[in-house]
Amino acid sequence: MKKKLALWLSVTGMLCLNAQERIIIGSDTLVNRTKISGKTSVYKKLLVPTVLVGYGAMGLCSDELRNINSNVRVSVNGERGQRTSIDDYTRYAPAATVYALNLMGVEGKHNFRDRTVILVTSHLIMCGSVMGMKKLAGVKRPDGSTDNSFPSGHTATAFAGAEFLWQEYKDVSVWYGVAGYVVATGTGLLRIYNDRHWLTDVAAGAGIGILSTKLAYWIHPWMQKQLFGAGEDKKYSALAMPFYNGEQVGLTIAVRF
């Protein structure tokens, strides 16, 4: 099963790398009308997250990568000391920063409604992917507690938020996005430090998180049309905050009329 999952993830990665700017969903075709130069091509946008997912997938059947996982675990953990729960909170920090910046008057790319739809879409894609892979892979956690180590849900959540922060504020200042990715990377390292994940789990989680948010932005025009129609001015606002705790997924929604 692990070899089949690794092969499937590798094939999926190749398909992502060869994806064009046209995404077909049923009979509807979404076209990104922005002219893309060689430096910002779809291939380059997908390269890093695809490599991360591919590396994590290879760890399912590679003895060499398993040895690397063990060595990294020893290096990061050392003699098992006290664990920290800070990663339970830092995983949400990048996404929360988008709303905090907006409250402080720093406007991002999208309004409240649209960015919330993008965030929810991203997390639905991410949570579905993570939970499905956990069941298929059945990798035992480093601490031996459960068999759902691959991929890291905390890391996926953090990197989905980091890409969300990057997309919304990269035109204001690249440092917002950089800070988000630093926090996301720290979250992944803490998962290893806490003996909850292997390096390959964290790498795959990071890639899944980034890809989920990129896909959410690409399909947003279609989502917007389906949810709100063309040119309609809604008289309400809504806040939806998805959550994933490693085992359960949920969604908190608040609507103001």
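Everything that follows concerns the structure shown earlier in this document.
Computed from a predicted model, the values in this text were never measured in an experiment.

## Focus: a nonpolar patch on the surface
Side chains of Val174, Trp175, Val178 and Val182 sit close together on the surface and give an oily, nonpolar patch of about 400 Å² of accessible area. Along the chain, Val174 turns up in helix H8 (residues 174–193). Owing to a relative accessible area of 39%, Val174 belongs among the partly exposed residues under this scheme.

## Brief notes about the packing of helix H2 (residues 42–58) against helix H9 (residues 199–228)
Geometry of a packed helix pair, given as the angle between the helix axes and the separation of the axes. Contact geometry of H2 with H9 gives a least axis separation of 6 Å together with a crossing angle of 150°. One element, H2, and the other, H9, form an angle in the roughly antiparallel class. As H2 runs across H9, the sense of the crossing is left-handed. Taking contact as the criterion, the partners of Val42, Lys45, Leu46, Pro49, Thr50, Leu52, Val53, Tyr55 and Gly56 in H2 are, on H9, Leu199, Thr200, Ala203, Ala204, Ala206, Gly207, Ile208, Ile210, Leu211, Lys214 and Trp218.

## Quick notes on the side chain of Asn69
Relative to the helices and strands, Asn69 is located in helix H3 (residues 63–77). Within polar-contact distance, the side chain of Asn69 engages the backbone nitrogen of Leu199 at 3.4 Å. Among the polar contacts listed, one links the side chain of Asn69 to the side chain of Thr200, at a separation of 2.9 Å. If we skip the residues at most four places from it in the chain, Asn69 touches Trp198, Leu199 and Thr200.

## Let's talk about the packing of aromatic side chains
What describes a pair of aromatic rings is the distance from one ring centre to the other and the angle between the planes of the rings. The full count for this structure, using the stated rule, is four aromatic pairs. For the pair Tyr99 and Phe164, a centre-to-centre distance of 6.5 Å together with 45° between the ring planes defines the contact as tilted. Here Tyr99 is found in helix H5 (residues 93–103), whereas its partner Phe164 is found in helix H7 (residues 153–169), with 65 residues between them in sequence. Relative accessible area serves as the criterion here: at 10%, Tyr99 is assigned to the buried category. Each member of the aromatic cluster is reached from another via a ring pair, and the members are Tyr99, Phe112 and Phe164.

Cut-off values and rules
Residues numbered from 1 in each chain as written. Predicted model: local features only at pLDDT ≥ 70, side-chain atom pairs only at ≥ 80, totals over all residues. Heavy atoms only, no water. Patch = residues over 30% accessible without salt bridge, like charges linked within 9 Å, V, L, I, M, F, W, Y side chains within 5 Å. Areas by Shrake-Rupley, 256 points an atom, 1.4 Å probe, with all protein chains shown as cover. Salt bridge = Lys/Arg side-chain N within 4 Å of Asp/Glu carboxyl O. Helix = DSSP H or I, 4+ residues; strand = E, 2+ residues; numbered from the N terminus. Buried < 20%, exposed > 50% of the residue type's maximum accessible area, 1.4 Å probe, protein only. Axes fitted to C-alpha atoms, helices over the stretch in contact; angles between N-to-C directions. Parallel < 35°, antiparallel > 145°, perpendicular 65-115°, else oblique. Left-handed = near helix turned anticlockwise from the far one by under 90°. Contact = heavy atoms within 4.5 Å. Polar contact = N/O pair within 3.5 Å; in protein donor to acceptor, adjacent residues only side chain to side chain. Phe/Tyr/Trp six-rings, centres within 6.5 Å; stacked < 30°, edge-to-face > 60°.

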